[in-house]
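Coordinate inspection notes
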Amino acid sequence: MNNPVISVCIPVYNTEKYLEQALWSVATQNFNSFEIVILNDASQGKDSLDRTCKKIVKLIQKKSKVYRKANKLLPVNINYIENKKNRGLIEVRRTMGYESKGLYITQLDSDDEMVPGALSVMYACAEKTGADIIHGSSTAGSFNENNDFIKSDENIFGAVFYGELNGRDIFRKWFIDIAFTGNIWGKLVKRDLYLKAFDHIPYTECNMLDDVLVFFFLSRYLNKYVGIENQVVRYRMNVGMSSEINIDNMRKWRNKCSMANVFTIISNSLEEDADFKLLSDENDRLKFLMIFYLQNTIIELHTCVEKELIPQAYTMLCDYWGKDFVDEVDAALVRDAQEKLNEQSQLPEGK
């Protein structure tokens, strides 16, 4: 059998609860040249029927053969891989890229859904335009007890630049103008360019802001971006690592701290790479993002981490970000809070 045109990559990290739904949405696509690559990052999670990731994959393999034959579609190969030890999302995405055989890669988180016809629409656009990357629209929401999708008014990952961008404008429209999101899912990307991005990324255990890291390097190789209005993904809100409110163990906290690795890798690359330099406003944006995400993590340290874990969590935070930087940003947060209290105390009564 010839290599598939598209590889759909699905990382699994304790999100088996929705995996069957995600897999089925891909396996039933009306496209005849794609594979599914699933990498279980040492997750021991199970769904509501007590099924492991591997059992869910076997079920979908069996069901999809029947479905695709009945609908006169070619069978789809599912390549299932397991990590014996948790390596983090960056390394999972790297491995899936190298395991993929398609000319293009698209990714889907295991708690989301691919919209029917998504692969056909994105590939047709790629063929027509010759674009290196096709960015489809998404819908954010949740599923009710009847498994109906309830659309949300808010979609924080939904920004798409509808139309064409070329060269360095792709990077600036994402990084400076925030005209579209850099999330990996919802995009069809040429595999060879995707792998080039990872040439700049050393091994790192990182579970958050992985999209930012990958797209930072991917964007420099993109000659043409095309954004389309067609819906390709249903994004499930308020699930996953970023939505965890109560941090009751150090594994969860390490996931939060690991986003510091994103900025360390980017900063080191900029110092070493003479061929790619940031402009003044791009440097300012990078510094802003570093402070913004550290601020959020410090706030979580004070509000989400179990009280008895705070001393250990603070030490880990300093290990990742640097003690001086953590203390400086923490002090600035305290000053800002105090200034707001002072301003409120000076308001006329009743305001």
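To be clear, the structure that these remarks concern was listed above.
Residues numbered from 1 in each chain as written. Predicted model: local features only at pLDDT ≥ 70, side-chain atom pairs only at ≥ 80, totals over all residues. Heavy atoms only, no water.

Some thoughts on unusual backbone geometry
Applicable threshold: Under the DSSP-based scheme used, a helix requires at least four consecutive residues in state H or I and a strand at least two consecutive residues in state E, with every element numbered from the N terminus.
Positive phi, close to 50°, is recorded for isoleucine 178, a residue that is not glycine. Even without being a glycine, leucine 209 presents a positive backbone phi close to 65°. Note that leucine 209 resides in the loop between α6 (191–198) and α7 (210–218).

Considerations on the state of the cysteines
Selection criterion: Only a pair of cysteine sulfur atoms within 2.5 Å counts as a disulfide in this structure description. Type-normalised accessible area, obtained with a 1.4 Å probe on protein chains alone, sets the label of each residue: buried when under 20%, exposed when over 50%, and partly exposed for intermediate values.
Enumeration over the complete set of coordinates arrives at zero disulfides. Distance from the sulfur of cysteine 125, which forms no disulfide, to the nearest cysteine sulfur (cysteine 9) is 20 Å. Residue classification places cysteine 125 among the buried positions, given a relative accessible area of 14%. Left without a disulfide partner, cysteine 257 is nearest to the cysteine sulfur of cysteine 318, which lies 9.2 Å away. The class for cysteine 257 is buried, based on a relative accessible area of 0%.

A closer look at the pairing of strand β10 (residues 224–236)
The test is simple: One bridge is not enough; two strands pair if DSSP finds at least two bridges between them.
Pairing of strand β5 (residues 113–114) with β10 involves two bridges; the strand directions are antiparallel. The residue of β10 that forms the bridge with methionine 114 is valine 233. By the bridge criterion, eight bridges tie strand β6 (residues 133–143) to β10 in an arrangement that is parallel. Bridging from a neighbouring strand, isoleucine 133 pairs with tyrosine 225 of β10.

Section: empty space enclosed by the protein
Formally: A pocket here means an open set of points on a 1 Å grid, computed over the protein atoms alone, that has protein on both sides within 12 Å along at least five of seven lines. A cavity is instead a set of points where a 1.4 Å probe fits but cannot get out; residues with an atom within 4 Å of a point line either one. Grid points are joined across faces, edges and corners, and a volume is the space filled by probe spheres set on the points.
Counting across every chain of the model gives one cavity of 30 Å³ or more. Quantified by volume, the largest cavity comes out at close to 30 Å³. Around the largest cavity, the lining residues are His135, Gly136, Ser137, Ser138, Phe157, Gly158, Ala159, Val160, Asn183 and Trp185.

Comments concerning the packing of α7 against helix α9 (residues 260–272)
To describe two helices that pack against each other, one gives the angle between their axes and the distance between the axes. What counts, and what does not: Interaxial angles span 0 to 180 degrees and are taken between N-to-C directions of axes, which are lines fitted to C-alpha atoms, for helices over the stretch in contact. Any angle that falls under 35 degrees is termed roughly parallel, while one over 145 is termed roughly antiparallel, one within 65 to 115 roughly perpendicular, and all others oblique. Rotating anticlockwise by less than a right angle from the far helix to the near helix defines a left-handed crossing, while the corresponding clockwise rotation defines a right-handed one. Should any heavy atoms of two residues lie within 4.5 Å, those residues are considered in contact. Amino acids outside the nonpolar list (Ala, Val, Leu, Ile, Met, Phe, Trp, Tyr, Cys, Pro) and the charged list (Asp, Glu, Lys, Arg) are all regarded as polar, and Gly is one of them.
Direction vectors running N to C along α7 and α9 enclose 20°, while the axes themselves pass 9 Å from each other. Viewed along their axes, α7 and α9 adopt a mutual orientation that is roughly parallel. Along this stretch, α7 crosses α9, giving a crossing that reads as right-handed. Between α7 and α9, the contacting residues are Val212, Leu213, Phe216 and Phe217 on the first element and Val262, Ile265, Ile266, Ser269 and Leu270 on the second. Looking at the contact of α7 with α9 residue by residue, the class counts come to eight nonpolar, one polar and no charged.

Here we look at the side chain of asparagine 183
The condition that has to hold: For this analysis, a polar contact is any N or O atom pair within 3.5 Å, provided that within protein one partner can donate a hydrogen and the other can accept it, and provided that sequence-adjacent residues contribute only side-chain to side-chain pairs.
Take asparagine 183: it is sitting in the loop between α5 (168–175) and β9 (187–190). What makes asparagine 183 buried here is its relative accessible area of 5%. Polar contacts involving the side chain of asparagine 183 include one to the side chain of threonine 181, which spans 2.3 Å. There is a polar contact of 2.8 Å between the side chain of asparagine 183 and the backbone oxygen of tryptophan 185.

Thoughts on the pairing of β6
Taken residue by residue, a regular strand's side chains alternate between the two faces of the sheet. Taking burial as the measure, the 11 residues of β6 include 10 buried ones, the bulk of the element. Sheet topology note: the β6/β9 ladder contains three bridges and is antiparallel. The partner of isoleucine 133 across the bridge, within β9, is valine 189. Where β6 hands over to strand β7 (residues 149–151), the hairpin turn is made up of five residues, of which asparagine 147 adopts a positive phi near 65°.

Details of helix α3 (residues 89–99)
Of all the 11 residues making up α3, nine are buried; the element is thus mostly covered by neighbouring parts of the structure. The complete set of buried residues in α3 reads Leu89, Ile90, Glu91, Val92, Arg93, Arg94, Thr95, Met96 and Gly97. Turning to α3, the residues buried within the fold contact β1 (6–12), β2 (34–40), β4 (104–107), α6 and α7.

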